[in-house]
Amino acid sequence: MAETFAEILKVGGKTNSLGRTGEVMDSVLRDPAKFEELYTCVFNEDAWVRMRAMDAIEKICREHPEWLAPYINRFQSDLGESEQPSIQWHLAQIYRQVELSDRQKTIAINWLKNLLSSKDVDWIVATNAMETLVKFLEDGSVAKNDVLTLIEVQQGHKSKSVVKKMNKFLEYINS
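Since the structure is predicted, the reported quantities are computational estimates derived from the model, not experimental observations.

Quick notes on the overall build of the protein
What the protein contains, in helices and strands, is 11 helices and zero strands. By the compact-globule yardstick of 16 Å for 175 residues, the protein fits well, its C-alpha radius of gyration being 17 Å. The buried share of the protein, taken over its 175 residues, is 46%. Considering only residue pairs separated by 6 or more positions, the protein has 65% of its internal contacts joining residues 24 or more positions apart.

Structure follows, in structure tokens:
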């Protein structure tokens, strides 16, 4: 009997490694009908399985963003409340790679703003969420003052790398 994606994603050597994520990703790239099985792994009881599943989804999105279009509403309703940083940062990355409807973009922007409204947000989440907001600023979907306010919040982040990145975003926006 073949291993399920959840079983494959559970195996990873060190828990914080991507393990066999590449195998799952390659399987879905060969057969897009398997994407649904991968999506269900995002709800697995094991946080590492969820992280690896989102990593695979985001990497698949880089090659085939159109494959994720039918899932955006589900991502927003199913994952919008997730407090797992790896889900949050991958979702932020996905939002800047896919074509969003106006409604979906509004939901994404509000979600990103909420994430960035606290300096206690995970450092990778902060960076990816701001990068996506800056993309939305570039296309006129979000107001410059809104982004500047959130950059100011994140300049108080405990991570020096976040502060440094926010300063780069500020420079870019003001150039």
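Quick word on the packing of helix α6 (residues 72-79) against helix α8 (residues 102-116)
Between α6 and α8, the least distance of the axes is 10 Å, while the angle of their chain directions is 30 degrees. The orientation of α6 relative to α8 falls into the category roughly parallel. When you trace α6 past α8, the crossing you get is left-handed. Contact residues: α6 offers I72, N73 and Q76, while α8 offers R103, Q104, I107 and A108. Residues of the contact of α6 with α8, tallied by class, amount to three nonpolar, three polar and one charged.

Regarding the side chain of T132
Mapping T132 onto the fold places it in helix α9 (residues 123-138). At 2.7 Å, the side chain of T132 forms a polar contact with the backbone oxygen of A92. Discounting chain neighbours no more than four positions away, the residues touching T132 are A92, Q93, Y95, R96 and L112.

Here we look at the packing of helix α2 (residues 21-30) against helix α4 (residues 47-63)
Two elements in contact, α2 and α4, have axes separated by 9 Å at closest approach and are oriented at 45 degrees. Classified by the angle between their axes, α2 and α4 sit oblique to one another. Where α2 crosses over α4, the two elements pack in a sense that is right-handed. Counted together, T21, M25, V28 and L29 of α2 and R52, D55, A56, K59, I60 and E63 of α4 form the full contact between these two elements. Broken down by class, the residue content of the contact of α2 with α4 amounts to five nonpolar, one polar and four charged.

Thoughts on the state of the cysteines
Evaluation of the coordinates by the stated rule reveals zero disulfides. No disulfide involves C41; its sulfur sits 18 Å from that of C61, the nearest cysteine. Note on C61: relative accessible area 1%, which makes it buried.

Re the pattern of salt bridges
If you walk through the whole model with that rule in mind, you get nine salt bridges. The partner of D139 in a salt bridge is K105, with the nearest N and O atoms 2.6 Å apart. Within this pair, whereas D139 is found in the loop between α9 and α10 (144-154), its partner K105 is found in helix α8, the two being separated by 34 residues in sequence. Classification of D139 by relative accessible area gives partly exposed; the value is 38%.

What about the packing of aromatic side chains?
Here the structure, examined in full by the defined rule, presents six aromatic pairs. Taking the centre distance of 5.3 Å and the plane angle of 55 degrees together, the rings of Y39 and Y71 count as tilted. With Y39 in helix α3 (residues 35-40) and Y71 in the loop between α5 (65-68) and α6, this residue pair connects regions lying 32 residues apart in the sequence. Ring centres of Y95 and W111 lie 5.7 Å apart, and the angle between their planes is 85 degrees; on these two criteria the pair is classed as edge-to-face. One end of the pair, Y95, is in helix α7 (residues 85-95); the other, W111, is in helix α8, and 16 residues separate them in sequence. Each member of the pair, Y95 as well as W111, carries the same accessibility label: buried. One aromatic cluster is present, formed by F35, Y39, F43, Y71 and F75 through successive ring pairs.

So, how was this worked out
Residues numbered from 1 in each chain as written. Predicted model: local features only at pLDDT ≥ 70, side-chain atom pairs only at ≥ 80, totals over all residues. Heavy atoms only, no water. Helix = DSSP H or I, 4+ residues; strand = E, 2+ residues; numbered from the N terminus. Rg over C-alpha atoms; globule rule 2.2 N^0.38 Å. Buried < 20%, exposed > 50% of the residue type's maximum accessible area, 1.4 Å probe, protein only. Contact = heavy atoms within 4.5 Å. Axes fitted to C-alpha atoms, helices over the stretch in contact; angles between N-to-C directions. Parallel < 35°, antiparallel > 145°, perpendicular 65-115°, else oblique. Left-handed = near helix turned anticlockwise from the far one by under 90°. Nonpolar A, V, L, I, M, F, W, Y, C, P; charged D, E, K, R; others polar. Polar contact = N/O pair within 3.5 Å; in protein donor to acceptor, adjacent residues only side chain to side chain. Disulfide = S-S within 2.5 Å. Salt bridge = Lys/Arg side-chain N within 4 Å of Asp/Glu carboxyl O. Phe/Tyr/Trp six-rings, centres within 6.5 Å; stacked < 30°, edge-to-face > 60°.

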